[in-house]
Amino acid sequence: MAPRLIGNCRQEPGCKFNDISAHVLGTRGQAALAERRKGMRIQTGGDEWVYDGPMNQMYQTEHDLLFASIRKGSPMNNGEYMARSSLLAIMGRMAAYTGQEVTWKMAMESQENLSPARYAWDAAPPASQIAVPGQTKFV
């Protein structure tokens, strides 16, 4: 099996189950990251490692590190990381809509334009543009 990453993000008020987690499945084991219910853990074969250190507020930690880097005179620049992350999400949509594997090269060279003909609250796409996996063509 090729390595896989499964990400979940659901945090809607009033839901019985919300989850923000990532699960990595590899050739020698699996890892559950940022899973609130069971803690972070890595399992390889029958061995399991579970993080039992102090928990933090991840967004506060993110801000603490950002402000510290600015004060130190070497601000963090996550621009490339964020651009790649956005492209990965776009590629996921392309793959889901077309039903085919989409490579980085294909996504970068795509001529797809998702802009509406006009920007207005009532400007819904026509039914002929609704994606059908396996039938929708990659552009």
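To start, this report covers the structure provided alongside it. Values in this document were obtained by computation on a predicted structure and should not be read as measured data. (Residues numbered from 1 in each chain as written. Predicted model: local features only at pLDDT ≥ 70, side-chain atom pairs only at ≥ 80, totals over all residues. Heavy atoms only, no water.)

**Notes on the pairing of strand β4 (residues 41-44)**
Moving on, step 1. Two strands pair when backbone bridges link them, and strand β3 (residues 30-33) and β4 are joined in this way by 3 bridges, in the antiparallel orientation. Within the sheet, the bridge partner assigned to Q30 lies in β4 and is Q43.
Moving on, step 2. Where β4 meets strand β5 (residues 47-50), 4 bridges bridge the pair, whose relative direction is antiparallel. Across the sheet, R41 pairs through a bridge with V50, a residue of β5.
Moving on, step 3. Following β4, the chain reverses through 2 residues before pairing antiparallel with β5; G45 in that reversal takes a positive phi of roughly 60°. (Pairing = 2+ DSSP bridges. Helix = DSSP H or I, 4+ residues; strand = E, 2+ residues; numbered from the N terminus.)

**Remarks on helix α1 (residues 58-72)**
Moving on, step 1. Counted at 1.5 Å a residue, the expected span for α1 with its 15 residues is 21 Å, and the 21 Å between its end C-alpha atoms agrees.
Moving on, step 2. Directly after α1, the chain includes G73, whose backbone phi takes a positive value near 90°. (Expected span 1.5 Å × (residues − 1).)

**Points about the side chain of T98**
Moving on, step 1. Along the polypeptide, T98 turns up in helix α2 (residues 79-98).
Moving on, step 2. Looking at T98, its side chain comes within polar contact range of the main-chain nitrogen of Q100, at 3.3 Å.
Moving on, step 3. In this view, T98 contacts P133, G134, T136, K137 and F138; residues no more than four positions away in its chain are not counted. (Polar contact = N/O pair within 3.5 Å; in protein donor to acceptor, adjacent residues only side chain to side chain. Contact = heavy atoms within 4.5 Å.)

**With respect to the sheet that holds β3**
Moving on, step 1. Taken in spatial order, the 5 strands of this open sheet run β1-β2-β3-β4-β5, and their pairing is antiparallel. Edge positions in the sheet fall to β1 (4-10) and β5, since each has one partner strand and no second. Each strand of the sheet is rotated relative to its neighbour by a mean of 10°, with strand direction disregarded.
Moving on, step 2. Pairing of strand β2 (residues 19-25) with β3, which is carried by 4 bridges, proceeds in the antiparallel orientation. Following the sheet pairing, L25 is matched in β3 by Q30. (Axes fitted to C-alpha atoms, helices over the stretch in contact; angles between N-to-C directions.)

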